[in-house]
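Fold and geometry: a report
What follows is each chain in one-letter form.
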Amino acid sequence: MAEFEATRGMPADSMIVFGIASDLEVMDRWIPQGLSVHGSGPGIVEADGPLVPGSGKHEGLLRTSEEQLRVEWGGRDHPGYAGWLQVADTADGASEVTLHISLLDEPDSGERAGKVRTLLDRSLDQLAEEVRLRVDDGSL
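Residues numbered from 1 in each chain as written. Predicted model: local features only at pLDDT ≥ 70, side-chain atom pairs only at ≥ 80, totals over all residues. Heavy atoms only, no water.

**A closer look at the overall build of the chain**
The helix and strand tally for the chain stands at 2 helices and 7 strands. Taken over C-alpha atoms, the radius of gyration comes to 15 Å for the chain, in line with the 14 Å a tight globule of 140 residues would show. Across its three principal directions, the C-alpha atoms of the chain cover 40 × 35 × 25 Å. Looking at the 140 residues of the chain, the share that counts as buried comes to 39%. Summarising the internal contacts of the chain: among those between residues at least 6 apart in sequence, 49% fall at separations of at least 24. Accessible area of the chain: about 7,800 Å², with a carbon and sulfur share of 50%. Put simply, the chain has 12 plus and 26 minus side-chain charges, and the middle of one group is 4 Å from the middle of the other. (Helix = DSSP H or I, 4+ residues; strand = E, 2+ residues; numbered from the N terminus. Rg over C-alpha atoms; globule rule 2.2 N^0.38 Å. Buried < 20%, exposed > 50% of the residue type's maximum accessible area, 1.4 Å probe, protein only. Contact = heavy atoms within 4.5 Å. Areas by Shrake-Rupley, 256 points an atom, 1.4 Å probe, with all protein chains shown as cover. Lys, Arg positive; Asp, Glu negative; His and termini not counted. Charge placed at Lys NZ, Arg CZ, Asp CG, Glu CD.)

Okay, here's the thing in structure tokens:
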């Protein structure tokens, strides 16, 4: 089993960041490019795109906890995939996000592992940009 994790500072407090990160309506803006996630029932999401194994849509589970500032997910039809996102406050009204992915059938080193780490970093960069745009726009 391979475990991948990345952390990134965010330009807003934890509640704002959690609100954006856990919002299914804007999630496609910060998750890896080409991946699309849509709610399909309470706690259930469908994912599709080039990063999803096989073809067609795959069903997953999604749980958010505002009290813990945490989002957790897993592949319902691919139990070897799971992840979580944790938001924490830092100094001066900013926060930090940790993004963690577990892949049962993937090595934790080599080219594919490098690609996963790059996807995590890009996703956090895109989330930070989404937060910055929302804060600068004053739409929060």
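Having put the structure on the table, let's press on.
**Some points on the nonpolar core**
In this structure, M10, L85, V97 and L127 are the most contacted members of the largest nonpolar core, which totals 34 residues. Elements represented by at least two residues in this core include exactly β1 (2–10), α1 (14–21), β3 (44–48), β5 (70–75), β6 (81–89), β7 (95–103) and α2 (111–137). (Core = buried A, V, L, I, M, F, W, Y, C linked by side-chain atoms within 4.5 Å.)

**Side note on the packing of α1 against α2**
One can describe the packing of α1 onto α2 by two numbers: an axis separation of 10 Å at closest approach and a directional angle of 115°. Crossing hand, α1 versus α2: right-handed. Contacts between α1 and α2 involve V17, I20 and A21 from the first element and L127, E130, V131 and R134 from the second. The residue inventory of the contact of α1 with α2, partitioned by class, reads 5 nonpolar, no polar and 2 charged. (Axes fitted to C-alpha atoms, helices over the stretch in contact; angles between N-to-C directions. Left-handed = near helix turned anticlockwise from the far one by under 90°. Nonpolar A, V, L, I, M, F, W, Y, C, P; charged D, E, K, R; others polar.)

**Comments concerning the sheet that holds strand β2 (residues 36–41)**
An order of β1-β7-β6-β5-β4-β3-β2 is seen for the 7 strands of this open sheet, with the pairing classed as antiparallel. Single-partner strands in this sheet number two, and they are β1 and β2. Going across the sheet, the axis of each strand differs from the next one's by a mean of 20°, ignoring polarity. Across the sheet, α2 touches β1, β6 and β7, and the angle it forms with β1 is around 25°. (Pairing = 2+ DSSP bridges.)

**Focus: α2**
With 27 residues, α2 should reach 39 Å at 1.5 Å per residue; the first-to-last C-alpha distance of 39 Å fits that figure. All of the buried residues in α2 are A113, V116, L120, S123, L124, L127, A128, E130, V131 and R134. (Expected span 1.5 Å × (residues − 1).)

**What about the packing of aromatic side chains?**
Applying the stated rule across the entire model yields 0 aromatic pairs. Looking at R70, its charged tip hangs above the ring of W84, at a distance of 4.4 Å from the centre. (Phe/Tyr/Trp six-rings, centres within 6.5 Å; stacked < 30°, edge-to-face > 60°. Lys NZ or Arg CZ within 6 Å of the ring centre and 35° of its normal.)

**Focus on unusual backbone geometry**
Notably, L69 is not glycine yet its phi reads approximately 55°, a positive angle. The residue L69 is located in the loop between β4 (58–65) and β5 in this model.

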